[in-house]
Amino acid sequence: MTVTEKKIRVLIAKPGLDGHDRGAKIIARALRDAGMEVIYTGLRQTPEMIASAAEQEDVDVIGLSILSGAHNTICAALMELLHAKGMSDVAVLVGGIIPEADIPGLKKVGVAGIFPPGTSTHEIVDFVRAHSRVHNL
C-alpha cells in the first residue's frame, strides 16, 4: 500500500434484538485479515445508532448481520438516515436469513449486496473491495 492509498473502513453492526453475533465476528475478522479497518458496534443497534457511528467513523461500507426477520424495516430506515446525512455513497451490505422474495425490495431501497448463510468470506471481501468508496475514488 502506498502513502496515497486509503484503507477501506467497514462498520459491522448487529441491529435489532437478535443476540447471535458469531457470523458478524467471523466477517469482521475476515475483513481485518484482508487489510481493512473494521469497527464492530456490537449487539442491539438501532438504525440511528448505526448511521451515527458510520458518520463518526467515516466508513466506506456498512455490513449488517440480521437474523431477526426485521431486515426490511431496518434497512429502509438505515438507508433513509444515510441519505439524510449525505452518505448515499456508503455501500450497505446485509448478511443473514433473508428470504429470496425480500431481495428486490432491499435492492430497491439501496442495499448493495445481500449474503445468505454459507456465503464464503472471500466472496464478501471481494464484494467489499469492489463496492467501497475507496475503490470508487
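Shown above is the structure to which this text applies.
Residues numbered from 1 in each chain as written. Predicted model: local features only at pLDDT ≥ 70, side-chain atom pairs only at ≥ 80, totals over all residues. Heavy atoms only, no water.

The next subject is the layout of surface pockets. The calculated volume of the largest pocket comes to roughly 420 Å³. Forming the walls of the largest pocket are 28 residues, and the residues nearest its centre are Gly23, Ile27, Gly95, Gly96 and Phe115. Only β1 (9-13), α1 (22-33), β3 (61-66), β4 (91-96) and α5 (121-131) provide two or more residues apiece to the lining of the largest pocket. If one sorts the elements of the lining of the largest pocket by residue count, α1 sits on top with 6 residues. The residue makeup of the lining of the largest pocket, split by class, is 16 nonpolar, 9 polar and 3 charged. (1 Å grid on protein atoms, 1.4 Å probe; cavity = no way out; pocket = protein on both sides within 12 Å on 5 of 7 lines; lining within 4 Å. Points joined across faces, edges and corners; volume = space filled by probe spheres on them. Helix = DSSP H or I, 4+ residues; strand = E, 2+ residues; numbered from the N terminus. Nonpolar A, V, L, I, M, F, W, Y, C, P; charged D, E, K, R; others polar.)

Every buried residue belonging to α5 is among Ile124, Val125, Phe127 and Val128, and all of these are buried. Looking straight down α5, one finds that the buried residues subtend no more than 165 degrees of arc, so they occupy a single side. (Buried < 20%, exposed > 50% of the residue type's maximum accessible area, 1.4 Å probe, protein only. Arc of directions from axis to C-beta.)

So, about the pattern of salt bridges. This structure, assessed with the given rule, holds 5 salt bridges. Across the pair Glu37 and Arg9 runs a salt bridge whose closest N-O atoms are separated by 2.4 Å. Remark: Arg9 occurs in strand β1 and Glu37 occurs in strand β2 (residues 37-40); sequence separation between them is 28 residues. Take Glu37: its relative accessible area is 32%, and that puts it in the partly exposed class. Across the pair Lys85 and Glu55 runs a salt bridge, and its minimum N-O distance is 3.0 Å. Here Glu55 lies in helix α2 (residues 47-57) and Lys85 lies in the loop between α3 (71-84) and β4, a separation of 30 residues in the sequence. Judged by its relative accessible area of 33%, Lys85 is partly exposed. The exposure class assigned to Glu55 is partly exposed, which follows from its relative accessible area of 40%. (Salt bridge = Lys/Arg side-chain N within 4 Å of Asp/Glu carboxyl O.)

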